[in-house]
4 protein chains.
Amino acid sequence: MTSDTGSLICPLDFRYGRAPVRDLFSREARLGRALAVEAALASVQAELGIVPKDDAAAIDAAATTTRVTVERVEEIERSTRHDVMAITRALAEAAGPAGRWVHYGATSADITETAQALEFQAVVAVLRDDLTDLARVLVDLARKHRSTAEVGRTHGQHGVPTTFGYKVAGMAAEVVRHRTRLSELTPRLLVGKMAGAVGTGAGFGLHARTLEEKVMARLHLRPDEAPSQLVGRDRLAEFANFLALVAATAERLSTEVRNLQRTELSEVAEPFDEERQVGSSTMAQKRNPIVSENVTSLARLVRAFALPPLENMVQWHERDLANSANERIVIPHAVVLTDDLLTKLREVFAGLRVDASRMTEELARTGGAAMTENLMLVLTSRGLARGEAHELLRTLSRGGGGEAVLAERARADPRVTRLIPPDEVDALLDPRSYVAAAAAKTDHVLAALDRALRP
Amino acid sequence: MTSDTGSLICPLDFRYGRAPVRDLFSREARLGRALAVEAALASVQAELGIVPKDDAAAIDAAATTTRVTVERVEEIERSTRHDVMAITRALAEAAGPAGRWVHYGATSADITETAQALEFQAVVAVLRDDLTDLARVLVDLARKHRSTAEVGRTHGQHGVPTTFGYKVAGMAAEVVRHRTRLSELTPRLLVGKMAGAVGTGAGFGLHARTLEEKVMARLHLRPDEAPSQLVGRDRLAEFANFLALVAATAERLSTEVRNLQRTELSEVAEPFDEERQVGSSTMAQKRNPIVSENVTSLARLVRAFALPPLENMVQWHERDLANSANERIVIPHAVVLTDDLLTKLREVFAGLRVDASRMTEELARTGGAAMTENLMLVLTSRGLARGEAHELLRTLSRGGGGEAVLAERARADPRVTRLIPPDEVDALLDPRSYVAAAAAKTDHVLAALDRALRP
Amino acid sequence: MTSDTGSLICPLDFRYGRAPVRDLFSREARLGRALAVEAALASVQAELGIVPKDDAAAIDAAATTTRVTVERVEEIERSTRHDVMAITRALAEAAGPAGRWVHYGATSADITETAQALEFQAVVAVLRDDLTDLARVLVDLARKHRSTAEVGRTHGQHGVPTTFGYKVAGMAAEVVRHRTRLSELTPRLLVGKMAGAVGTGAGFGLHARTLEEKVMARLHLRPDEAPSQLVGRDRLAEFANFLALVAATAERLSTEVRNLQRTELSEVAEPFDEERQVGSSTMAQKRNPIVSENVTSLARLVRAFALPPLENMVQWHERDLANSANERIVIPHAVVLTDDLLTKLREVFAGLRVDASRMTEELARTGGAAMTENLMLVLTSRGLARGEAHELLRTLSRGGGGEAVLAERARADPRVTRLIPPDEVDALLDPRSYVAAAAAKTDHVLAALDRALRP
Amino acid sequence: MTSDTGSLICPLDFRYGRAPVRDLFSREARLGRALAVEAALASVQAELGIVPKDDAAAIDAAATTTRVTVERVEEIERSTRHDVMAITRALAEAAGPAGRWVHYGATSADITETAQALEFQAVVAVLRDDLTDLARVLVDLARKHRSTAEVGRTHGQHGVPTTFGYKVAGMAAEVVRHRTRLSELTPRLLVGKMAGAVGTGAGFGLHARTLEEKVMARLHLRPDEAPSQLVGRDRLAEFANFLALVAATAERLSTEVRNLQRTELSEVAEPFDEERQVGSSTMAQKRNPIVSENVTSLARLVRAFALPPLENMVQWHERDLANSANERIVIPHAVVLTDDLLTKLREVFAGLRVDASRMTEELARTGGAAMTENLMLVLTSRGLARGEAHELLRTLSRGGGGEAVLAERARADPRVTRLIPPDEVDALLDPRSYVAAAAAKTDHVLAALDRALRP
């Protein structure tokens, strides 16, 4: 209907998303998958002696988007207002006399549901690669910074030291968990049906179950075990929930970059093209984390897309149509955006500028106070009650003088020094032992992730 | 990027939505509004003596999408990766030497936020018309069927009689409430800003407040009273919530049609083109409520679109960008779909086939049991304790014999007849008095709605 | 704070939910689990030679809610405003001199996160039983009604025949899929941590990894592979998503009962205590599906509870606290309600009244029109183009005369009879073949479900 | 059922929420409101001559929770499983012979819906006070810090200067907008019904409309103009959306505090009891913004509670019950938590520690670079093309030397100095003019807010 791009309204049609993923959802790709299902049906019916072999061959040959075009199908649909009927009529036209066997015994939903499963086949492959690639980038970054000391921050406050590599290893582990989840849900998602108007297969007669199994096998799918007119909608809702979960991780990772890139921290910066990119139209000096902000923003939308599929599960009787229109929008948008998020994150982390010296400066800011924990543990092990030790250190670290003076005060306080000599106080407040522990644990985590990511 | 329609992936770009509403969100329309804001700024600056009058006139003349084209702006944006900067550069080019005054003192967000408000101006007008038109169709239908008797159904069970007109009057009243809500939120939504990078107006110097007020007045907007870099996001979230509320009403109305059109009820049917439209590819006899199902489906999506704007309200400091990308998708999609829902509902109700004789049949099905309430009230008023009356009638209406025999049993039961003679039992079980009450109340409701809808 | 029940405001504290499940979330149960973690920590530290064995034994002995009471812990918390600190102090008090080793080297989150995992251990067991029990009830019901003929309904319209048993088998299959999902996510959910303030284990020194593994093994948990201060929040969000998915199934099943129990259908009715239960305070004859309506209602709430955990995933740096308060509400409410939904559904389906004769009446209503599909297939196989066959039957089934006359018209129409003799028309329109197919498929589905549910 | 507090599971029953607000939702308060509606009904019926005056007086006298106790009502409900019927029976018992007029002509929903409106009356008053109080605290804080200079931050990056007072004025303006929204929705929310089983009033006979109006007037409510069995659910959904909007503001304000309290910024700190409160069980030196984090957390839950009411709007026919159970949980939880959020925020801002010297330090950090905008504007006004000026300053501010050297470079660059003498460069980069503008605008905003908040 619309052909000049200036009139398009959906940013997925001109702004966001990678072309190969968007192409999976083009009307042509959708038509192609529906035709593939019709062809598989005719071929299996020929194999079972229901349809003449030559007619099945003619249907198979016609079942391409060059012979059955998007334009012709849309033309028919405008008069019938029924999309699958339009496809079957167009395919029947293209197949000539064999056309009367097109869609034989099938209901529209047999075609659309199975074609949908073929779409998910392609989608799952893309997302699996996305997750793998992102995980590998994170693993590499974590390994590189296994012992790059950084202050750990909880509640927005400086805490005990960690390493940047350990932080990133935690991100990688989360991405790898999503990979496992995807593997687990895939067999539930890649199911079709060739079972007629209410799922019993009655319209296909005695051959029903064999026919359905053969059609699915030909398409590398499995049949839904007990469909109604539709495949169970819990399968799609589970998948949409999965995308929401991945999006929430994307929001977490992008938020971490945005926080670490704050002017006051400046510990990392996302890749930036200094020669050309404009940060602000008025504040020319700024380096804004716009890719990460974009990821945060789109992630919120992907999460919202999880709601309609859950409501769609509540089909009336053998089906209503109340899932259909929103699925046409939700599925492509949620998938294209999730791929987009993962791709952008991969680029952000692959090109991330990490400023280890800033990290060291921040770690020094609290002058040992971050290591308070360590002091407390030794005080406790040498006989002070835990509550007293905590109270003592809380008192020492309190007040206008700032936290930097904790070490000094501790070395001078007899309640400390009767248990720990002043020079041991210094050693205990040195963050290096904590950094070593973090590096060792990073190695341990990465070894496990390497095993998980091995092809 | 994409130019042939077969490759589009968003149904709003080829399947759903009315063209005049979709056009509000085309890239050309968006560019046009941004240019209108830049022109208004330059004009007011000329009025205030900041910019030479001739230069402002030159900018104003150049600020059209024929002189500043979508293509040129996109070309610049590909190198700068900053959309407003691309517009200002393209406008400056088109304005010649006057171009150096383009965007003078403004920050990008002054333009985008104010242009957004102009977009909402157009959107509010469309939605107000949609709600008015739908309300009028419902009022007319309610008036026509003010005394068309129908059984009231609660918990899916037949209850006491009502009229179809009264039911529809309730729908109309709900739509009119949305109209009131829209009027109330409009002044909060139609606000822009011309207040610089953090909203204080400092970059515009002494004239700041006068300048902002004049620019907004020229565009028929009001200024946000205390913006940061952005206009307060509560305004957009409130609007998205409003759309969700309207969508939920659309789901209610469409669900009512779907329920009344069930084979077993067949009290109404949505308009259907008998000559051409195909109900089912296998079950040729079916008349499916596909428009109403479509409305139900899309309404779920509009509700989901209310979530990201609420999360976008949590801007960090003077702004982050985490609202931006999802707003680009949420706003056009939610608006185009809401207009679509309201338009489709108007068509459904304007052409609704109402089968009054089926309604009468259903009312008779329970043979007076629906009027049990009436009998109970009279038993109570004549001295039976309410609990006893209820218990008595519950017992009479119970059991395998079906509810149709209640009247017969009541006429024969001495616990009833000692208070109410058998022929009065019949009169009390006649639903006509209830229908008259419903018709009278319908008239009362419609009179109030007529007043509210008067131009 | 509140002790008389009239002042309680949460229906979970006085109205909804089963006692054994509610008890899992009582403050006493929560305290008990935290104490179990502290005891496990001390015991493992004794095993590793960090803590004296006698002291660990003293801690272990004190770590019960009889010695460390809810009241004492709350008393301490009122002054410290820190819940875990209150527990450790109370435990230290109860353990006497050994108390100084309580919580040694641990951070609060080590305790709370691990205790949370213990809670999930109990929860998973309950939900697994719930799903299994409901699935078995559905399997039994499906088997009983494997060949109880019922009209299939799509778009709310009568379609081709199915059996009630096949419908219920589809429900059972969906419930069994949830059981599989629960099994898959369980190892991701049952993870704790004993790894200090930022997850590196540094506070525990060289033993850190061994210690964590031993503590988790003692509690039948696994350690998070790379925690920050918290266990990865994707685990909780995944679980909340799972509950939402189960709730959506609960809404589907309860909605099906509500629809089939409509006065006009009356094909099923949920169990009802005829002697005592009141259907309506004014309409004494009504039998409302109130349990199913209750399930529908609560299911919507369980779905909503899936949102905060997704947002909680976006922790700042090594943690913020923004997950904590809502988790305290979301987790118990979502779990107690999900158990409640599943329990109520089990009761509804275990006691469901199925009216097979009503189902037969409904099937007859459209007088063969439901079998139109069958006629069309044979017309096609005997040479009529599919489009023509569909068009012919659409025309025959159209118009005021109602669908009941289709068979009659078909027997009289030469376009039909030149291909199919009138008596074969009758045979083709007999639904019994379709019912047999549905029964056979039901058997096939149930056999698979039996295998899946075998202990 | 449960009476010792250790067994409670909902934190609203022992941890969160203010007692006076929680008390609005106690079972006793709910019962009291239902009794008030029954009493108003009987009184008006006496006025209209339907019920004997003495009997109405007896009912009115009995309609208290001391004579009709929660315990007695629950006892009856356990056998009838119908809550309103239990109340009417208990009231009838207490009213003696007059009891047979209790609930005369009414349906259960007349009572529950109207009682719900009475509940909202109290709730609206509480929330209005909460919003007013918070707004006043923010206005005072803004006034105090009208010229406390602070760096404006966009994208997490330092931008041009603003004042802390202006930032807080923006918060106050947002809160005042919520107050306006509440005023607008209140008349839509405070509606009841006394209109019988399907809303037509038929059961009340000729007096129906008068009776309903009088009952509502007596309770200071208005009647729903066209109810079904229920008041239109759009009213509740609108209110739940409003709470979600308020919660999102609460999340914004609390997030701002959390961000400004980060160790690296330390510009503000929420009130903290230094003597007693424990920040971290291991890191004794920490000052965590736990109240603000708590607000962020609970706000997410309040937002989630907006979803079920939107779904509840889709009632089947004259009502289903699918709204009921979740409303019992959603309304009290969402209201108690919203009040809690607003109360906590008021305390945070009333006691906020603002460190103006830290703000000044941060402003100085970028050494004038924040004022780049100003320099660019003057360069443009003196003849440099805007694009060139932007490019020039971007280049000057770039590179390893940091932003602090911008002023120095600008003073030395002939492209700058041919238009602006070096000392004027210094003046232009002085942030004081920007601070003055922010202070003036703050005054303007506060004056308007003072007017809005005047009693």
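Up top you'll find the structure we're talking about.
Residues numbered from 1 in each chain as written. Chains lettered and ligands numbered in written order. Predicted model: local features only at pLDDT ≥ 70, side-chain atom pairs only at ≥ 80, totals over all residues. Heavy atoms only, no water.

Caption draft 1: The relation of the copies chain D and chain B, seen in detail. Mapping chain D onto chain B leaves a residual RMSD of 0.1 Å; the transformation is a rotation of 180° accompanied by 0.0 Å of translation along its axis. What the rotation and shift describe, once combined, is the action of a two-fold rotation axis. For chain D, the smallest separation between a C-alpha atom and the rotation axis is recorded for Asn241(D), amounting to 3.2 Å. (Least-squares fit on C-alpha atoms with pLDDT ≥ 70 in both.)

Caption draft 2: Up close: the interface of chain A and chain C. Taken together, the contact between chain A and chain C spans 88 residues of the former and 89 residues of the latter. Carbon and sulfur atoms supply 58% of the area buried between chain A and chain C, which totals about 7700 Å² over both sides. For chain A, the biggest contributors to the area lost against chain C are Arg100(A), His317(A) and Arg386(A); these three give 9% of the whole. On inspection of chain A and its partner chain C, the count reaches 14 salt bridges. (Contact = heavy atoms within 4.5 Å. Buried area = accessible area lost by both parts, 1.4 Å probe. Salt bridge = Lys/Arg side-chain N within 4 Å of Asp/Glu carboxyl O.)

Caption draft 3: Representation of unusual backbone geometry. Positive phi values are uncommon outside glycine, yet His317(A) reaches one of about 50°. Inspection of the secondary structure assignment puts His317(A) in the loop between α11 (307–312) and α12 (324–350). Of note in this structure, His155(B) is not a glycine but carries a positive phi near 60°. Note that His155(B) resides in the loop between β1 (149–154) and β2 (157–163). (Helix = DSSP H or I, 4+ residues; strand = E, 2+ residues; numbered from the N terminus.)

Caption draft 4: Examining the relation of the copies chain A and chain C more closely. Take chain A, turn it by 180°, move it 0.0 Å along the axis, and it overlays chain C with an RMSD of 0.1 Å. Interface residue correspondence from chain A to chain C reaches 100%, placing this contact among same-surface, isologous pairings.

Caption draft 5: Structural detail: the interface of chain D and chain B. With 88 residues of chain D at the interface, the matching set in chain B holds 89 residues. With both sides pooled, the region where chain D packs onto chain B buries about 7700 Å², and carbon together with sulfur makes up 58% of that total. Counting the surface chain D buries against chain B, the share from its top three residues, Arg100(D), His317(D) and Arg386(D), is 9%. For the interface between chain D and chain B, the tally reads 14 salt bridges. Close ionic contact of Lys167(B) with Glu318(D) constitutes a salt bridge, the shortest N to O distance being 3.2 Å. Summed over the shared surface of chain D and chain B, the number is 31 residue pairs in polar contact (both at pLDDT 80 or more). For the side of chain D that touches chain B, the element with the most residues is helix α9 (residues 234–260) of chain D, which contributes 15 residues. Split into classes, the residues belonging to the side of chain D that touches chain B amount to 37 nonpolar, 24 polar and 27 charged. (Polar contact = N/O pair within 3.5 Å; in protein donor to acceptor, adjacent residues only side chain to side chain. Nonpolar A, V, L, I, M, F, W, Y, C, P; charged D, E, K, R; others polar.)

Caption draft 6: Structural detail: the side chain of Thr442(A). Residues and elements named next belong to chain A. Within the fold, Thr 442 resides in helix α19 (residues 432–453). Residue class for Thr 442 comes out buried when judged on its relative accessible area of 0%. With residues up to four places along the chain from it excluded, the contact list for Thr 442 reads Ala 142, Arg 146, Thr 163, Gly 165, Tyr 166 and Ala 169. (Buried < 20%, exposed > 50% of the residue type's maximum accessible area, 1.4 Å probe, protein only.)

Caption draft 7: Looking closely at the packing of helix α6 (residues 108–144) of chain B against helix α9 (residues 234–260) of chain B. Residues and elements named next belong to chain B. The N-to-C vectors of α6 and α9 enclose an angle of 25°; their axes lie 13 Å apart at closest approach. In terms of orientation, α6 and α9 fall into the roughly parallel class. Here the hand of the crossing between α6 and α9 comes out left-handed. Note on element contacts: α9 touches α6 through Leu 236, Phe 239, Phe 242, Leu 243, Val 246 and Leu 253, opposite Gln 116, Phe 120, Val 123, Leu 127, Leu 131 and Leu 138. Per-class residue counts for the contact of α6 with α9 are 11 nonpolar, one polar and no charged. (Axes fitted to C-alpha atoms, helices over the stretch in contact; angles between N-to-C directions. Parallel < 35°, antiparallel > 145°, perpendicular 65-115°, else oblique. Left-handed = near helix turned anticlockwise from the far one by under 90°.)

Caption draft 8: Summary view of the pairing of strand β1 (residues 149–154) of chain D. All names here are of chain D. Most of β1 is tucked away, with six of its six residues classed as buried. Pairing geometry for β1 and strand β2 (residues 157–163), over five bridges, is antiparallel. By the bridge assignment for β2, Glu 150 is matched with Thr 162. Hairpin connection, β1 to β2: the antiparallel pair is bridged by two residues, and His 155 has positive phi, about 60°. (Pairing = 2+ DSSP bridges.)

Caption draft 9: Representation of the pattern of salt bridges within the structure. Scanning the model with the defined rule gives 178 salt bridges over all chains in all. The closest approach of N and O atoms between Arg143(C) and Asp450(C), which form a salt bridge, is 2.5 Å. Taken together, the residues span a long stretch of sequence, with Arg143(C) in helix α6 (residues 108–144) and Asp450(C) in helix α19 (residues 432–453) at a distance of 307 residues. In this structure Arg143(C) comes out as partly exposed when scored by relative accessible area, which is 36%. For Asp450(C), a relative accessible area of 29% puts it in the partly exposed group. Among the charged side chains, a salt-bridge network with shared partners connects Arg177(A), Arg181(A), Glu184(A), Arg188(C), Asp224(C), Glu225(C), Asp234(C), Arg235(C) and Glu238(C).

So, to be careful, I would describe these as geometric facts and stop short of saying anything about function.
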